[in-house]
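# Commentary on secondary and tertiary structure
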Amino acid sequence: MIDSAEAAAARLAMDRDLLGRTSTAERVAAILRERITEGVFEPGVRLPEETIGTALGVSRNTLREAFRLLSHERLLVHQLNRGVFVRHLTAEDVVDLYRVRRLVECAAIRDAAPPSPEALAALREALVAAEGAAAEERWQDVGTGNMRFHQAVVALAGSGRLDEMMRQVLAELRLTFLAMKNPRAFHEPYIARNHEILKLIEAGDAPGAERLLDDYLADAEAQLLRAHS
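### Things to note about the overall build of the protein chain
Broken down by element type, the protein chain carries 12 helices and two strands. Beginning at the N terminus, the succession of helices and strands in the protein chain can be written as α-α-α-α-α-β-β-α-α-α-α-α-α-α. Scaling as 2.2 N^0.38, a compact globule of 229 residues should have a C-alpha radius of gyration of about 17 Å, and the protein chain matches this with 18 Å. With respect to the three principal axes, the spread of C-alpha positions in the protein chain is 50 × 40 × 35 Å. Residues classed as buried in the protein chain amount to 45% of the 229 residues present. When the accessible area of the protein chain is evaluated, it comes to approximately 11,500 Å², of which 51% is carbon and sulfur surface. The average position of the 29 basic charges and that of the 35 acidic charges among the side chains of the protein chain differ by 4 Å.

### Quick word on helix α6 (residues 91-111)
Taking 1.5 Å of rise per residue, 21 residues should cover 30 Å, and α6 covers 30 Å from first to last C-alpha, within 8% of that figure. Listed as buried for α6 are Asp-93, Val-94, Leu-97, Tyr-98, Arg-101, Val-104, Glu-105, Cys-106, Ala-107, Ala-108 and Ile-109. Residues of α6 that are buried in the fold lie against α8 (139-155), α9 (160-177), α11 (189-202) and α12 (206-228).

### A short note on the pairing of strand β2 (residues 83-86)
Here four bridges tie strand β1 (residues 76-79) to β2, and the two strands are oriented antiparallel to one another. Paired with His-78 across the strands is Val-84, a residue of β2. Taken together, β1 and the strand that follows it, β2, pair antiparallel across an intervening segment of three residues, in which Asn-81 is found at a positive phi of about 65°.

### Looking at the environment of Gly-204
Tracing the backbone shows Gly-204 in the loop between α11 and α12. Its relative accessible area of 61% is what places Gly-204 among the exposed residues. Sequence-wise, Gly-204 and Ala-227 are 23 residues apart; in three dimensions their C-alpha atoms are separated by 36 Å.

### Re the side chain of Arg-33
Assignment of secondary structure puts Arg-33 in helix α3 (residues 25-37). A distance of 2.7 Å separates a polar atom in the side chain of Arg-33 from a polar atom in the side chain of Glu-73. Each residue touching Arg-33, except ones within four places of it in the same chain, is listed here: Leu-70, Glu-73, Leu-75, Arg-167, Gln-168 and Ala-171.

### A closer look at the packing of aromatic side chains
Given two aromatic rings, their pairing is described by the distance between the two centres and the angle made by the two planes. Inspection of the entire model under this criterion finds three aromatic pairs. These aromatic residues form a ring-pair network of at least three members: Phe-177, Phe-186, Tyr-190 and Tyr-216.

### With respect to the pattern of salt bridges
Under the counting rule described, the total for this entry stands at 21 salt bridges. Between Glu-49 and Arg-60 there is a salt bridge, and its shortest N-O distance comes to 3.2 Å. With a gap of 11 residues between them, Glu-49 in helix α4 (residues 49-56) and Arg-60 in helix α5 (residues 60-72) connect regions that are remote in the sequence. Assessed through its relative accessible area of 23%, Glu-49 is described here as partly exposed. Residues Arg-99 and Asp-96 are paired through a salt bridge, measuring 2.8 Å at the closest nitrogen-oxygen approach.

### Regarding the environment of Asp-15
Secondary-structure assignment places Asp-15 in the loop between α1 (5-14) and α2 (16-19). Residue classification places Asp-15 among the buried positions, given a relative accessible area of 5%. Ignoring sequence-local partners within four residues, the contact set of Asp-15 consists of Ile-31, Arg-35 and Leu-56.

Rules behind the numbers
Residues numbered from 1 in each chain as written. Predicted model: local features only at pLDDT ≥ 70, side-chain atom pairs only at ≥ 80, totals over all residues. Heavy atoms only, no water. Helix = DSSP H or I, 4+ residues; strand = E, 2+ residues; numbered from the N terminus. Rg over C-alpha atoms; globule rule 2.2 N^0.38 Å. Buried < 20%, exposed > 50% of the residue type's maximum accessible area, 1.4 Å probe, protein only. Areas by Shrake-Rupley, 256 points an atom, 1.4 Å probe, with all protein chains shown as cover. Lys, Arg positive; Asp, Glu negative; His and termini not counted. Charge placed at Lys NZ, Arg CZ, Asp CG, Glu CD. Expected span 1.5 Å × (residues − 1). Contact = heavy atoms within 4.5 Å. Pairing = 2+ DSSP bridges. Polar contact = N/O pair within 3.5 Å; in protein donor to acceptor, adjacent residues only side chain to side chain. Phe/Tyr/Trp six-rings, centres within 6.5 Å; stacked < 30°, edge-to-face > 60°. Salt bridge = Lys/Arg side-chain N within 4 Å of Asp/Glu carboxyl O.

Listed below in structure tokens is the structure:
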């Protein structure tokens, strides 16, 4: 595990406040999805019902429904008589995920109206977070910052449905990223590439930004496929 079992439980305990009095399986699933996206749980890790349910302060039935939702999203798998585990992704998953990324992210840049100040601020904020993490050599957090940048790219389309879909895609992507043996070598170069994409978006050069993004995605996919081969 990237975090120890105790650290993960402590992190989830802090998430209890996010549930409020009207906690639902969907909210529990959203929290677990976010923690998977951040790399708190790595592929193959078992998610113990009692520990997670206690940390979040939810019933077993609520947690099981959240697990079911995340299994439907291909993030978790249930193994008979063993429990629920974070899923291992394959090379075929990588190819499919990057097919989705090209279709969605490139279209978001190509078809979006001129970005609002808020949309540009979200892109810049994600880059600042990635740069700050790199300065402190927190390479996993650099990957998170880069993913937030691409979430903000999709947000340029102004579609809540696409935003929701991208959150699921990013959680799966984190599981593929964890296969990289040298996270610095993988994540750090993409900070500068995200800067170049942002410059073109700010300049109103959507075709140029889309070309850079397409090259970016092709390179990342090739690296991940080598790691999963």
